[in-house]
Amino acid sequence: MIVLTAFEAVPGAGTEAGLAWNWARAYVAAGHDVTVLASRPADADTPGETWREAGIRVEYLGESVHARIPQSPVDFILRSRDFRRWTTACANWLTVNADAITSVHHVSWGSVRLRPPLTRVREQIPTIWGPLGGGQLPRFSGLLRRSFVHEFFRTLTFPLGWWMRRVDFSVGRKPSLSLATNTATEKFVRSLGIDVVRPMLADGIDSNFIVESSDRVPEGPLRLVWLGRMVASKRPDIALGVVAELISRGVPAILTMIGDGPEREYLLAKARELGILSSVHFVGRIPWNQTFDFYDSSHFLLFTSMRDSSCPAVLEAAARGVPTLCLRHQGVASQVPESVAFGPRRFGSSSELQEKLADLAVAFTTDSDAYKAAVNSAISFAYTQTWAKKVALVLNSMDSVTEG
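Residues numbered from 1 in each chain as written. Predicted model: local features only at pLDDT ≥ 70, side-chain atom pairs only at ≥ 80, totals over all residues. Heavy atoms only, no water.

Caption draft 1: Main features of the nonpolar core. Counting 64 residues, the largest nonpolar core has Leu 246, Leu 255, Met 257 and Val 336 as the members making the most contacts within it. Residue contacts for Leu 246: discarding those within four places in its chain leaves Leu 222, Leu 224, Val 251, Ala 253, Ala 358, Ala 361 and Val 362. Of all hydrophobic cores here, the second largest spans 28 residues; its members include Leu 94, Ile 101, Trp 129 and Leu 192. (Core = buried A, V, L, I, M, F, W, Y, C linked by side-chain atoms within 4.5 Å. Buried < 20%, exposed > 50% of the residue type's maximum accessible area, 1.4 Å probe, protein only. Contact = heavy atoms within 4.5 Å.)

Given below as structure tokens:
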């Protein structure tokens, strides 16, 4: 029995909430019995039947909580408290059921600065930690002033998180294998005394979502899509700036923004201020599987995050043959080819980044062969990131570690 520990686990969801679901289905497809340990959902309507239909056993542990990603310092403290309580409940469950377990894989809330519920697992049971992010410092130069407090608080947690993980692994066992989404996090993991670390994006894709080819060309109005939580660290305002820059050059452009969050009203006001409100469509939050329709109708994804350690939207867009315009840093820089995600690695100001991304978009409109090559590279990259291949890599790595 493979046990997946996932503080947040929602069948069919995208990004963080869907990681346990996707990993579990891939392990089942590879012929393994899977049990998921998740936080007890505050929503009584959470569909446990969906897990059972997929052949996955789910055990809800701890108190009922809303297992959402923290968005403020206070929220971070409260969610971290809930996470610590849940990891204790997981550790107890793993101890009691140790005789039936073949391996333990922690997949959700995979931050290197948070304790995984693995340190009390018996030495003979292989353990996997990650894919992990959270080892990368924020880019203060690229943040809006109002988000400084949140990012400054987060930065203060780095030395404390490092020291606490060192203590955890000195008194308990280290993971057999760790997976890191970016080079900064990999260095952080190795500094904890963990030797077996492999690079891997946090997200994967089902092969049935990958298109075989695309005849899309950047003709007519350039259609751009931005997707994510509308929070300052993801810099959705830069996407608006790119569209404004394109329109100012006489290049027709339409931006679709998918998601919601505290920045939405600001973005509406910003679009109105820039005079591009009629060129921006605010879709709001939609079910994850519906996002592929928007990828299919777009020429480019705009990925503007200043902090994300991984890049699920970049992978999803690639699966539909959609190249990305982005700031190449963290996960998107270390794990995504430059033939798939285009953009600078550094920038001096928001306006400079907006101009560079607009330059790239315009360049593709005058070189259809380059665009077709980017489309084909995106699709090829998506095939390397399927859930089946990620599970195979983990199982092969674990065989090597065990034999070693």
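Caption draft 2: Fine view of the confidence of the model for the protein. In the predicted model, the protein carries a mean pLDDT of 88, and the fraction of residues at 70 or more is 91%. Mean pLDDT across the secondary structure elements of the protein bottoms out at helix H3 (residues 73–96), with 82, and peaks at strand E9 (residues 253–258), with 97. (pLDDT = per-residue confidence, 0-100. Helix = DSSP H or I, 4+ residues; strand = E, 2+ residues; numbered from the N terminus.)

Caption draft 3: Expanded view of the side chain of Ser 305. Summarising the element assignment, Ser 305 is placed in the loop between strand E11 (300–303) and helix H9 (312–319). A residue is classified by how much of its surface remains accessible, and Ser 305, at 3% relative accessible area, is buried. Among the polar contacts listed, one links the side chain of Ser 305 to the backbone nitrogen of Asp 308, at a separation of 3.0 Å. Leaving out residues up to four positions away in the same chain, Ser 305 has contacts with Ser 233, Lys 234 and His 329. (Polar contact = N/O pair within 3.5 Å; in protein donor to acceptor, adjacent residues only side chain to side chain.)

Caption draft 4: Inspection of the packing of aromatic side chains at higher detail. Under the defined criterion, the tally for this structure stands at 18 aromatic pairs. Seen from their ring centres, Phe 158 and Phe 188 are 6.2 Å apart, and the 70 degrees between their planes marks the pair as edge-to-face. With Phe 158 in helix H4 (residues 148–171) and Phe 188 in helix H5 (residues 183–191), the pair connects residues that are 30 residues apart, well separated along the chain. Consider the rings of Phe 364 and Tyr 371, whose centres lie 6.0 Å apart with planes at 80 degrees: the pair is edge-to-face. Taken individually, Phe 364 and Tyr 371 each receive the classification buried, so the pair is uniform in this respect. When the ring centre of Phe 158 is taken as reference, the NZ or CZ atom of Arg 113 above it lies at 4.4 Å. (Phe/Tyr/Trp six-rings, centres within 6.5 Å; stacked < 30°, edge-to-face > 60°. Lys NZ or Arg CZ within 6 Å of the ring centre and 35° of its normal.)

Caption draft 5: Broad picture of the packing of helix H6 (residues 236–248) against helix H11 (residues 350–365). At their nearest, the axes of H6 and H11 sit 8 Å apart, and the two run at 55 degrees to each other. Between H6 and H11, the angle falls in the class oblique. Of the two elements, H6 crosses H11, and the hand of that crossing is right-handed. Residues Asp 237, Ile 238, Gly 241, Val 242, Glu 245 and Leu 246 of H6 form the contact with H11, whose participating residues are Leu 353, Gln 354, Glu 355, Leu 357, Ala 358, Ala 361 and Val 362. (Axes fitted to C-alpha atoms, helices over the stretch in contact; angles between N-to-C directions. Parallel < 35°, antiparallel > 145°, perpendicular 65-115°, else oblique. Left-handed = near helix turned anticlockwise from the far one by under 90°.)

Caption draft 6: Representation of a nonpolar patch on the surface in the model. There is a patch of nonpolar side chains on the surface, built from Leu 160, Trp 162, Trp 163, Val 167 and Val 171 and spanning about 520 Å² of accessible area. Position of Val 171 among the secondary structure elements: in helix H4. Val 171 sits in the exposed class, given a relative accessible area of 70%. (Patch = residues over 30% accessible without salt bridge, like charges linked within 9 Å, V, L, I, M, F, W, Y side chains within 5 Å. Areas by Shrake-Rupley, 256 points an atom, 1.4 Å probe, with all protein chains shown as cover. Salt bridge = Lys/Arg side-chain N within 4 Å of Asp/Glu carboxyl O.)

Caption draft 7: Structural context of H6. For H6, with 13 residues, the first-to-last C-alpha span of 19 Å sits near the 18 Å given by 1.5 Å per residue. Of all the 13 residues making up H6, 10 are buried; the element is thus mostly covered by neighbouring parts of the structure. Considered for burial, the residues of H6 that qualify are Pro 236, Asp 237, Ile 238, Ala 239, Leu 240, Gly 241, Val 242, Val 243, Ala 244 and Leu 246. If you follow the buried residues of H6, they end up packed against strand E8 (222–227), E9, helix H7 (264–274), strand E10 (280–284), E11 and H11. Backbone geometry just after H6 places Gly 250 at a positive phi near 85 degrees. (Expected span 1.5 Å × (residues − 1).)

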